[in-house]
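Residues per chain, in single letters:
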Amino acid sequence: MVPSSPRVSLLTPAYNNGVYIEETIKTVQLQTMEDFEYIVRDDGSNDNTLEIIKKYAESDPRIQVIAGNHAGISTGLNEMVNRARGAYIGFLDGDDLLAPTALEETVAAFEANPDAGMIYTDYLEVSPDNNQWRYGKRCTAPYSPDRLLVEMMIFHFRMVRRTVFDRTGPFDPELDMAWDYDFCLRVSENFPIVHLPRPLYKYRVHEQNASTKMGYEQIDASRRAVEAALKRRGLDDQYRLKVEIFSKFQIRKKKKTPA
Amino acid sequence: MNPEKPLVSVLTTAYNTEKYIGAAIESVLAQTMPDFEFVLRDDGSTDSTLEILEGYAKKDARIKIFSGPNTGMAAGTNELIKKARGTFIGLLDSDDLLAPTALEETVKVFQNNPSAGMVYTDHYDMAEDGTVRGLGFRCRIPYSKERLLIDMMTFHFRMFRRSTFDIVGLMDTSLEAAPDYDLCLRVSEQCRIVHLPRPLYCYRVHDKSISTSRRHEQINASKLAVERALKRRGLDRAYELFVQLSSKFTLVKRA
């Protein structure tokens, strides 16, 4: 393809994704629309993520590797956006999978909607081994800029027109735990956002029980993102955000770990 | 009735609840079962709570008040438990209300269940202004010692046999955000808990949502309480606790 300016830049921030990233990269290489560059930034992983990315980059000129230090997702994404040359920029997590027509169909949606700043699709939730799936539900709420203040329905796959960053500015490292929510709020204040109801992304759901800390930090960062949006929109005089947090406790049989 | 040996001690710790404490006290004084002492501790309030307590103590000899620095609910309740002289001990929050027959009906359950260490009732949720909204969701969950590991259904009104505290100990002040959950778990492991399905308590639900960080502390403390219970019960080798958080965002029009 034309190496100087590809149609799409696909960005993957990768951190300790050694188990999954190979599968991720393969779904990118299988895209029906081939005019893209694929930028993967390793965020200072302590597993073999970087090695795997480098191996694939050697045999595929569309893949560019950034070996970064552990800077966090927003800083890493900003670095990749600055390097991206595509007219459209898509975001793929380091353990997730794209449907083969993801780029083709999303770019077609942009061409049908010349005003759109962002297109987002439906997604499937898949088990860690990618053997079981169910239809993702976050995108079922109808999108509107107002509704986005109380519900984050803009989930993967997300693609933006490169020029949106001129109006929204870069990703905010202060809101790493809710970087996507904050960014979508800012896009929604400047551009139409279009929903393409096609399941073009597989989101891997992991069993995690590290702590409630991460869940809490995500909710709290989302709260800050919405409060900032209320201020930008001049609504903070009339409305305040109420945040309720619910917990669900489950007792599960421990998995037997091999001795 | 021997005022030195009342049948029931009702215990309340109060912190800056001048708006509601009067109603709470009136609901105790209106009990159909008069053989009780009502012991309150002002937890270093900065409003007029202590003055209100003192006013009521002058009017009714069954009311005893203490005051001290702000130590939190768990430490304050422990202090009151040590002072209580009743055979049974009931706990009332300073912004809530007892139904008139709460003491009478709950004591009766103890008398019919001599092996019970704790009796809890149903409760109504009540709006800030006192409007009753309906039966609370917690008490609709059937009680079992095992289910208590994932659902805190042993909610208000709670009454304990005094000797229960000799067996399980007092409230754990290091779990300030969930001392009642921890206490109920410990009681459930040592004593029989009986549910009286009668709405004898009004629980005030405040509109002003607690801060998300305070809510996080609560959930963490509950998680810790359950993890300790798994350990005490010898279940921690085979089972583990999963906690999932979810959130609901709402825009509220400012007044």
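Scroll up to find the structure.
### Notes on the nonpolar core
Residues Leu-11, Leu-98, Met-118 and Phe-157 of chain A are the most contacted members of the largest nonpolar core, which totals 67 residues. Per-element accounting of this core gives the leading share, 6 residues, to helix α6 (residues 179–188) of chain A. Those residues within four positions of Met-118 of chain A in sequence are excluded, and the remaining contacts are Arg-158, Met-159, Val-160, Val-164, Val-187, Phe-191 and Ile-193 of chain A. Tyr-15, Ile-63, Phe-160 and Leu-175 of chain B belong to the second largest nonpolar core, which has 64 residues in total.

### Points about the interface of chain A and chain B
Taken residue by residue, the interface counts 28 residues in chain A and 27 residues in chain B. For the side of chain A that touches chain B, the secondary-structure elements that each account for two or more residues are α7 (212–232) and β10 (239–253) of chain A. Per-element tally for the side of chain A that touches chain B: the top contributor is β10 of chain A, with 15 residues. Class assignment of the residues belonging to the side of chain A that touches chain B gives a composition of 12 nonpolar, 6 polar and 10 charged. Sheet analysis places β10 of chain A next to strand β10 (residues 239–253) of chain B, joined by 15 bridges and oriented antiparallel. Bridge assignment links Leu-241 of chain A to a residue of β10 of chain B, and that residue is Leu-251 of chain B.

### Regarding helix α2 (residues 49–59) of chain B
Residue and element names in this part refer to chain B. Among the residues making up α2, those that are buried are Thr-49, Leu-50, Ile-52 and Leu-53. The buried residues of α2 occupy an angular sector of 160° when projected down its axis, which confines them to one face. Residues of α2 that are exposed and point over 90 degrees away from its buried face: Glu-51, Lys-58 and Lys-59. Here the buried face of α2 lies against β1 (8–14), α1 (21–29), β2 (36–43) and β3 (63–68).

### Section: helix α3 (residues 73–83) of chain A
Within the sequence span of α3 of chain A, burial applies to Ser-74, Thr-75, Gly-76, Leu-77 and Met-80 of chain A. Where the residues of α3 of chain A are buried, they touch β1 (8–14), β2 (36–43), β3 (63–68) and α6 of chain A.

### Points about the environment of Phe-157 of chain B
Residue and element names in this part refer to chain B. Note that Phe-157 resides in the loop between β7 (132–135) and β8 (158–161). For the pair Phe-157 and Arg-198, spaced 41 residues apart in sequence, the C-alpha separation works out to 9.8 Å. Ignoring sequence-local partners within four residues, the contact set of Phe-157 consists of Gly-90, Leu-98, Ala-102, Thr-106, Tyr-120, Thr-121, His-123, Leu-200 and Tyr-201.

### Digging into the environment of His-156 of chain B
Residues and elements named next belong to chain B. Following the sequence through the fold, His-156 ends up in the loop between β7 and β8. Between the C-alpha atoms of His-156 and Tyr-120, which are 36 residues apart in sequence, the distance is 6.3 Å. With sequence-adjacent residues up to four places away left out, His-156 is seen in contact with Asp-96, His-123, Tyr-201 and Tyr-203.

### Brief notes about unusual backbone geometry
Along the chain, His-156 of chain A connects to Phe-157 of chain A via a cis peptide bond; the corresponding omega equals -10°. If you trace the backbone, Phe-157 of chain A turns up in the loop between β7 (133–135) and β8 (158–161). Of the consecutive residues His-156 of chain B and Phe-157 of chain B, the connecting peptide bond is found in the cis state with omega at -5°. Although it is not a glycine, Asn-16 of chain A adopts a positive phi angle of roughly 50°. Its place among the elements puts Asn-16 of chain A in the loop between β1 and α1 (21–29). Even without a glycine there, the phi angle at Asn-16 of chain B is positive, about 50°. Locating Asn-16 of chain B in the fold gives a position in the loop between β1 and α1.

### Regarding the packing of α1 of chain A against helix α2 (residues 49–59) of chain A
All names here are of chain A. It is at 10 Å that the axes of α1 and α2 come closest, and there the two elements cross at 25°. Between α1 and α2, the interaxial angle falls into the category roughly parallel. As for the relative orientation of α1 and α2, their crossing is right-handed in sense. Mapping the contact onto sequence places Ile-21, Glu-22 and Ile-25 in α1 and Thr-49, Ile-52, Ile-53 and Tyr-56 in α2. Of the residues that constitute the contact of α1 with α2, the class distribution is 5 nonpolar, 1 polar and 1 charged.

### A closer look at the packing of helix α6 (residues 179–190) of chain B against helix α7 (residues 212–232) of chain B
Residues and elements named next belong to chain B. Look at α6 against α7: their axes get within 9 Å of each other, and the N-to-C directions meet at 15°. The angle between α6 and α7 places the two elements in the roughly parallel class. Read as a crossing pair, α6 and α7 show a hand that is right-handed. Of the residues in α7, those touching α6 at Tyr-181, Asp-182, Leu-185 and Glu-189 are Ser-222, Ala-225, Ala-229 and Arg-232. Classifying every residue of the contact of α6 with α7 by side-chain character gives 4 nonpolar, 1 polar and 3 charged.

### Observations regarding the pairing of strand β4 (residues 88–91) of chain A
All names here are of chain A. Here β4 shows a buried face lined by Tyr-88 and Gly-90 and a second buried face lined by Ile-89 and Phe-91. Sheet topology note: the β4/β8 ladder contains 4 bridges and is antiparallel. Of the residues in β8, the one forming a bridge with Tyr-88 is Arg-161.

About the cut-offs
Along each chain, residues carry numbers from 1 onward, in the same order as the chain's sequence is written. Written order determines the labels here, with chains lettered from A and ligands numbered from 1. Where local features are concerned, this predicted model is filtered to residues with pLDDT of at least 70; where side-chain atom pairs are given and counted, the filter is 80 or more; whole-chain, interface and lining totals use all residues. Nonpolar cores are identified as sets of buried Ala, Val, Leu, Ile, Met, Phe, Trp, Tyr and Cys residues joined via C-beta atoms within 7 Å. Neighbour density around each residue's C-beta defines its exposure: 20 or more other C-beta atoms within 10 Å make it buried, 12 or fewer make it exposed, and counts between make it partly exposed, where C-beta atoms are placed from the backbone. Under the DSSP-based scheme used, a helix requires at least four consecutive residues in state H or I and a strand at least two consecutive residues in state E, with every element numbered from the N terminus. For every residue pair, C-beta atoms are placed from the backbone, and the pair is scored as a contact if these atoms sit within 7 Å. Residue classes follow a fixed rule: Ala, Val, Leu, Ile, Met, Phe, Trp, Tyr, Cys and Pro count as nonpolar, while Asp, Glu, Lys and Arg count as charged, and any other residue, Gly among them, counts as polar. Should DSSP find at least two bridges between two strands, the strands are taken to pair. It is the directions from the helix axis to the C-beta atoms that the arc portrays. To obtain each axis, a line is fitted to C-alpha atoms, and for helices this fit is confined to the stretch in contact; angles are then taken between N-to-C directions over 0 to 180 degrees. Between 65 and 115 degrees an angle is taken as roughly perpendicular, under 35 as roughly parallel, over 145 as roughly antiparallel, and anywhere else as oblique. The handedness criterion is simple: a crossing whose near helix is rotated anticlockwise from the far helix by less than a right angle is left-handed, and one whose near helix is rotated clockwise is right-handed.

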